[in-house]
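Results of the structural survey
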Amino acid sequence: MSQDHRPEPVRPRGPGPKKALLLAAAGLAVFAAAVALYAAVGCDLNDPDRDVKRLFPESTGYKTLYVSIAKRGGEDLLRKIEARLGDAFKGLFETADVPYTMYEIHKGADVIGYIHGTNQKGTYGGLQVFLALDPDGVIRGFYFQKLTSRAAKAFRALAFGEQFRGLSLEDFYRYDVVTGQEDPPGPISRIKNPDPGSEADFRAALRATKKNLILVDEFLLGNAHLKFFKG
Amino acid sequence: MKKITVFEVAYKNLLRKKTRSLLTVLGIAMAAWVLVSLFGFNQGYEASLNKDIDNLGFQMLVVAKGCPYEAATLMLKGGTGLKYMDPAIAEAVAAEPEVDGVTPMLMQVVFDPNKGETGGIAAFLGVDPASYPKLKSALPFKAGGWFKEPEALEAVFGYEVAELEQREVGDLYLIPEQEVEVKVVGVLERTGTQDDGTIFLPLRSVQKVFGVQELTSIGIKVRKDANMKAFEDKLYKLPDVQVVSLTQVKTTIMTLVSTARVMVFSIAVIAILIAMMGVVNTVLMSVMERRQEIGILKSMGALAGDVFKLVWLETVILCISGGLIGTGLALVTARLTDVLVRNLLPYSPSGGLVAIDVGLVLVTLGVVTAVGLASGVYPSWKAARMRPLDTIRSEEQS
C-alpha cells in the first residue's frame with residue numbers, strides 16, 4: 001500500500017552520532033528505573049498499512065494528515081467544538097493542542113473514506129476509539145484500538161461495534177454526552193451497553209465517538225454536518 | 001596653562017582617525033565576544049551535563065545476573081526475562097562506606113490484551129517511598145506527588161503513560177491480569193527519559209500484588225569522594241549480581257567535553273591572533289603616518305621611553321575598549337547564543353548552555369589587555385627608535 005502523503009509536523013530530527021551516544025548513555029543510566037514500553041502518545045493507527053487495508057479493503061492508498069485545534073483556530077475553534085460536543089474539553093490531556101492524526105483513504109484518485117481515532121478517559125484508563133467513515137461522514141466501522149475496562153471483552157465484541165454502523169454526526173447531535181440522554185430517543189438510544197456495570201465506560205465510548213465525528217467534520221468534511229447542529 | 005597627560009595625548013591621537021580606531025576596537029570586541037561566549041559555553045555545557053547526570057539520582061545500579069538490560073530483555077521476552085535478587089543484598093550494599101543512599105526496586109510486567117490490536121505489555125516499577133523520592137528528587141511533578149505509605153494501592157504515572165491512559169490525580173487504574181485497582185496520586189512532567197513511560201507503585205504493594213518478594217534492581221547513590229571504579233569492583237564480589245555504572249557514561253561524556261574544550265581553545269587562540277594582527281597593523285600604520293610628528297616630539301625633548309609609552313598606551317586603550325565592548329556583547333547575547341547553540345547541537349543538556357561569570361569576564365579582560373600590551377610592543381619600539389632628523393628629512397623629501 002502506498003502512502004502518498006507524509007505527515008507535516010512532528011518530525012523529529014535525525015539523531016547525530018553525538019546525540020545517539022549521549023542518548024544511549026542516558027538510557028543506560030535510567031534503564032533500571034523503568035521500561036519505555038509505551039510509544040509516543042497520540043492516537044495513530046498501530047499499523048496504518050495493515051489497518052487501512054482491513055477497514056477499507058478496496059483502497060489503493062491513503063494520506064496521513066496531522067491537525068490540531070490550536071493550529072487551525074485556537075481558542076475560538078475549541079469553544080465551537082465544545083459547543084457542538086455539548087461538553088467542555090477536560091483535564092490534563094484533552095486540550096486544544098492535541099495533535100489529531102487523520103487518514104484520508106483513496107481508491108485511485110478518489111477519496112473513499114476516512115479513518116480517525118480519539119483518546120477518551122475511561123474509568124480505569126484510556127480508550128482509543130477509531131472510526132472508519134465513508135466520504136459523507138457515515139460510520140462504516142467502529143473499534144477500540146485500546147481499552148482499559150473491567151468489561152473490555154464485551155466492549156471489544158464485534159456486536160458492540162456493529163451498532164454504530166450507519167450512524168453519523170447528524171444522529172449524535174441529539175445525544176447529550178453529559179446526561180447520556182438522546183432527545184428525542186433515536187438510534188443512539190438503541191445502542192446497547194454490553195455491561196451495565198460499566199456505564200461510565202459505555203458513555204465514554206459514545207462521547208469519544210461524537211467528538212471523533214465532530215473533529216472529522218471540522219477538519220475533513222468542511223463542516224458538512226454543521227447544519228444539523230441545533231446549538 | 002593646563003598640563004596634558006600622556007593618556008590624553010594617546011586618546012586624542014586615536015580620535016584623529018576615528019573610523020580606523022573604531023574598526024580596530026570592533027575587531028578586538030569580536031575576538032573578546034567569541035572568547036567569552038566560547039568559554040562560557042564550555043563551562044555552561046559541562047555544568048549542565050554534570051547536573052543532568054546528578055539528576056538521574058543514582059550512579060550505579062545492581063541487577064540480578066543474567067538481566068543486564070531490563071528494557072531490552074523485556075522487549076524480547078516480556079516478563080519471562082526478569083531475574084530476581086535477594087533483598088538482603090540491598091542492606092549489604094547500604095552498609096558500604098562509599099554509599100550515600102540505596103533504593104531497592106522491583107519491576108513487574110503483565111500482558112494487557114486490550115492494549116492495541118494484539119495486546120501489549122504493561123510494566124510496573126515498585127519503588128521504596130522512603131528512599132526513591134529522595135534519590136530522584138529532581139523528578140518534576142505535573143500534578144500530585146509521591147505515595148507515602150509503603151503498602152498503599154497508589155501509583156505515580158510518567159507523563160506519557162498518563163497521557164496514554166488519560167490518568168490524572170485521583171483517577172483509578174486497573175492493573176491488567178491482577179485486576180487490582182490503584183489510585184493515581186501523582187503525574188510526572190515529561191522528562192524525556194524512560195520515566196515517562198513508567199507506572200511507579202510502592203515496592204511492598206508490587207511485592208504483594210504480584211506475589212514476588214525479591215528485587216530486580218538496586219539503585220545506588222555513591223558518595224562524591226568515593227572511588228567509583230574500586231567500589232564497582234567491590235560490588236562485583238556480591239553473589240549473582242551485575243553492576244551497571246555511570247562511570248563509563250560519565251567518562252564518555254567528559255571525553256566529549258574535553259575534545260570540545262580543545263576545539264574551543266583553538267578557535268579562541270585563532271580569534272585572538274587575528275585580532276592581534278589587526279591591532280599591530282593599525283598602530284603601525286598610525287606610527288608610520290606620524291613619523292614627522294614623532295620626530296618633532298623627540299626634537300623637542302621627548303625621550304624614546306616617552307614615545308614608546310605613548311604608542312603603547314594607544315594600543316592598550318584600543319584593546320581594553322574592545323575587550324569591554326566584546327564582553328558586554330557576550331553578556332547581552334548569552335541567551336541568544338544559548339538558543340542558537342541548542343538548535344545547532346544534536347544533543348544538549350537541560351540547563352543553561354552558556355555560563356558567563358565574573359571570573360570569566362575578568363580573565364577575558366586580562367587576556368585582551370595582555371594581548372594589547374604584546375601587540376603594542378613592536379609599533380611602540382619602532383616609534384621609539386625613530387631618529388628626529390631622519391623623520392623630518394623623509395617628510396621634506398616626500
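Residues numbered from 1 in each chain as written. Chains lettered and ligands numbered in written order. Predicted model: local features only at pLDDT ≥ 70, side-chain atom pairs only at ≥ 80, totals over all residues.

Focus on the overall build of chain B
The following threshold applies: Strands here mean DSSP runs of E at least two residues long; helices mean DSSP runs of H or I at least four residues long; both are numbered from the N terminus. Whether a residue is buried, exposed or partly exposed follows from its count of other C-beta atoms within 10 Å of its own C-beta, namely 20 or more, 12 or fewer, or something in between, respectively; the C-beta atoms are built from the backbone. A pair of residues counts as a contact when their C-beta atoms, built from backbone coordinates, are within 7 Å of each other.
Of regular secondary structure, chain B possesses 14 helices and ten strands. By residue count, 43% of the 398 residues in chain B fall in the buried class. Pairs at least 24 residues apart make up 81% of the contacts formed inside chain B by residues separated by at least 6 positions.

Quick look at the overall build of chain A
Tallying secondary structure elements over chain A gives eight helices and eight strands in all. The burial tally for chain A puts 39% of its 231 residues in the buried class. A separation threshold of at least 6 residues defines the contact pool for chain A, and within that pool the share at least 24 residues apart is 66%.

Some remarks on helix H7 (residues 203-210) of chain B
Residue and element names in this part refer to chain B. Most of H7 is tucked away: six of the eight residues are buried. Among all positions of H7, only Leu203, Ser205, Val206, Gln207, Val209 and Phe210 are buried. On the buried face of H7, the contacting elements are strand S2 (99-112), strand S3 (120-127), strand S6 (172-175), strand S7 (180-188) and strand S8 (199-202). Looking one or two places after H7, you find Gly211, whose phi comes out positive at around 65 degrees.

Quick notes on the nonpolar core
Counted only if it meets this: The term nonpolar core refers to a group of buried residues, namely Ala, Val, Leu, Ile, Met, Phe, Trp, Tyr and Cys, whose C-beta atoms join them within 7 Å.
Within the largest apolar cluster, 57 residues are counted, with the highest numbers of intra-cluster contacts made by Met60, Val62, Phe124, Ala155, Phe157, Ile218 and Ile220 of chain B. Residue contacts for Val62 of chain B: discarding those within four places in its chain leaves Ile89, Val93, Ser217, Ile218, Ile220, Leu235, Val241 and Val243 of chain B. Formed by 42 residues, the second largest nonpolar core is a distinct cluster that contains Tyr103, Phe142, Phe160 and Ile214 of chain A.

Quick word on the pairing of S3 of chain B
Residue and element names in this part refer to chain B. Just so we agree on the cut-off: At least two bridges found by DSSP between two strands is the condition for calling them paired.
Burial of S3 is extensive: six of the eight residues sit out of reach of the surface. Across eight bridges, the pairing between S2 and S3 is antiparallel. Paired with Met107 across the strands is Leu125, a residue of S3.

Observations concerning unusual backbone geometry
Most peptide bonds take the trans configuration, and most residues that are not glycine carry a negative phi. Residues and elements named next belong to chain A. Geometrically, the link from Asp183 to Pro184 is a cis peptide bond, its omega value of -10 degrees lying close to zero. Along the chain, the position of Pro184 falls in the loop between strand S8 (181-182) and helix H8 (199-219). Here Asn223, not a glycine, exhibits a phi torsion of approximately 60 degrees, which is positive. Following the sequence through the fold, Asn223 ends up in the segment after H8. Among the residues examined, Asn223 registers 15 C-beta atoms within 10 Å and is labelled partly exposed.

Some points on the packing of helix H1 (residues 6-16) of chain B against helix H11 (residues 304-332) of chain B
All names here are of chain B. Here is the rule: Orientation is described by lines fitted to C-alpha atoms, with helices fitted over the stretch in contact, and by angles between N-to-C directions that extend from 0 to 180 degrees. With the far helix as reference, a near helix turned anticlockwise by less than a right angle produces a left-handed crossing, and one turned clockwise produces a right-handed crossing. Residues are grouped as follows: nonpolar covers Ala, Val, Leu, Ile, Met, Phe, Trp, Tyr, Cys and Pro; charged covers Asp, Glu, Lys and Arg; every other residue, Gly included, is treated as polar.
Contact geometry of H1 with H11 gives a least axis separation of 9 Å together with a crossing angle of 65 degrees. Pair H1 / H11 crosses with right-handed handedness. Residues Val6, Phe7, Val9, Ala10, Tyr11, Asn13 and Leu14 of H1 form the contact with H11, whose own contacting residues are Lys309, Leu310, Leu313, Glu314, Ile317 and Leu318. In terms of residue class, the contact of H1 with H11 is built from ten nonpolar, one polar and two charged.

Let's talk about the pairing of S8 of chain B
Residues and elements named next belong to chain B. Of the strand pairs in this sheet, S3 and S8 are connected by four bridges, and their pairing is parallel. Note that in S8 the partner of Gly126 across the bridge is Leu201. Here two bridges tie strand S5 (residues 154-157) to S8, and the two strands are oriented antiparallel to one another. Bridge pairing in S8 places Phe157 opposite Ile199.

Notes on the environment of Ser68 of chain A
Residues and elements named next belong to chain A. Positionally, Ser68 belongs in the loop between strand S2 (61-67) and helix H3 (69-72). Residue Ser68 is classed as partly exposed on the basis of its 18 C-beta neighbours within 10 Å. Excluding residues that lie within four positions of it along the chain, Ser68 makes contacts with Asp97, Val98, Pro99 and Tyr100.

What about the environment of Leu238 of chain B?
Residues and elements named next belong to chain B. As for its position among the elements, Leu238 is in the loop between helix H8 (228-235) and strand S10 (241-245). In sequence terms Leu238 and Val93 are 145 residues apart; their C-alpha atoms lie 9.0 Å from each other. What Leu238 contacts, discounting residues up to four positions off in sequence, is Ile89 and Ala92.

What to know about the environment of Gly197 of chain B
Residues and elements named next belong to chain B. For Gly197, the location among the structural elements is in the loop between S7 and S8. Given 24 C-beta atoms within 10 Å, Gly197 falls into the buried group. Put simply, Gly197 and Ala122 are 75 residues apart on the chain and 9.5 Å apart in space, counted from C-alpha to C-alpha.

Quick look at the confidence of the model for chain B
Do not read the fine detail of predicted coordinates wherever pLDDT is low. The condition that has to hold: pLDDT is a per-residue confidence score from the predictor, ranging from 0 to 100.
Mean pLDDT over chain B: 83, with 92% of residues reaching 70 or higher. Note on residues 74-80 of chain B: pLDDT is under 50 here. Beyond four places in sequence and across chains, it has twelve contacts.

Quick look at the packing of helix H2 (residues 18-55) of chain B against helix H13 (residues 358-384) of chain B
Residue and element names in this part refer to chain B. It is the contact of H2 with H13, at a shortest axis distance of 10 Å, that shows an interaxial angle of 145 degrees. Considering the relative orientation of H2 and H13, their crossing is right-handed. Contact residues: Ile28, Ala32, Leu35, Val36, Phe39 and Gly40 in H2; Leu360, Val361, Thr364, Val367 and Val368 in H13. Taken together, the residues that form the contact of H2 with H13 break down as nine nonpolar, two polar and no charged.

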